[in-house]
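Structure assessment
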Amino acid sequence: MIRTAPPIALLLVLGACDGGGDPVQQALREASAANQAAATRTTAEMQAAAQTADQAYVAKMIAHHESAVATARVALRDSRDPEIRRMAQIVVETQTREIAELKAWTPTAAPAAN
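We now turn to the structure provided with this report.

1. With respect to helix H3 (residues 53-78)
Between the first and last C-alpha of H3 there are 38 Å, a value that for 26 residues agrees with the 38 Å anticipated at 1.5 Å per step. Buried within H3 are the following residues: Ala56, Val58, Ile62, His65, Val69, Ala72, Ala75 and Leu76. Those residues of H3 hidden inside the fold are in contact with helix H4 (82-104).

Structure representation (structure tokens):
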């Protein structure tokens, strides 16, 4: 006689194996990934603090605009909607120009304190 596991027991076994591994090992991997992300954020924050507010602004805006251009290029490649394509083309043109302006920026000397 073949015995079948009750559905609840089967679900518990499958739930414990979600991801195909030991739940303890999975928890350790997740904790390690979270710690790595926190360490990366801390390093980035320390580097940003070493910059002036102007330099931090320029660096973040360049990254922001580059992301917008990449997203717009995907829309141009994949969208068939003329209005979306028009907006995406405007984003590519304006944000590319602004990226060039931001990259060309050089810090000016701070005004002398009186």
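From this point, the discussion proceeds with the structure in view.
2. Here we look at the side chain of Ser79
Locating Ser79 in the fold gives a position in the loop between H3 and H4. Here Ser79 falls in the buried class, since its relative accessible area comes to 15%. Contact partners of Ser79, with chain neighbours within four places excluded, come to Val74, Ile84 and Arg85.

3. Concerning the pattern of salt bridges
On inspection of all chains with the given rule, the structure shows three salt bridges. In this structure, Arg77 and Asp78 form a salt bridge, with 2.8 Å as the shortest nitrogen-oxygen distance. Notably, a salt bridge pairs Glu83 with Arg86, separated by 2.6 Å at the nearest N-O pair. Of this pair, Glu83 and Arg86 both sit in helix H4, three residues apart, roughly one helical turn. Residue Arg86 is classed as partly exposed on the basis of its relative accessible area of 41%.

Thresholds, definitions, all that
Residues numbered from 1 in each chain as written. Predicted model: local features only at pLDDT ≥ 70, side-chain atom pairs only at ≥ 80, totals over all residues. Heavy atoms only, no water. Helix = DSSP H or I, 4+ residues; strand = E, 2+ residues; numbered from the N terminus. Expected span 1.5 Å × (residues − 1). Buried < 20%, exposed > 50% of the residue type's maximum accessible area, 1.4 Å probe, protein only. Contact = heavy atoms within 4.5 Å. Salt bridge = Lys/Arg side-chain N within 4 Å of Asp/Glu carboxyl O.

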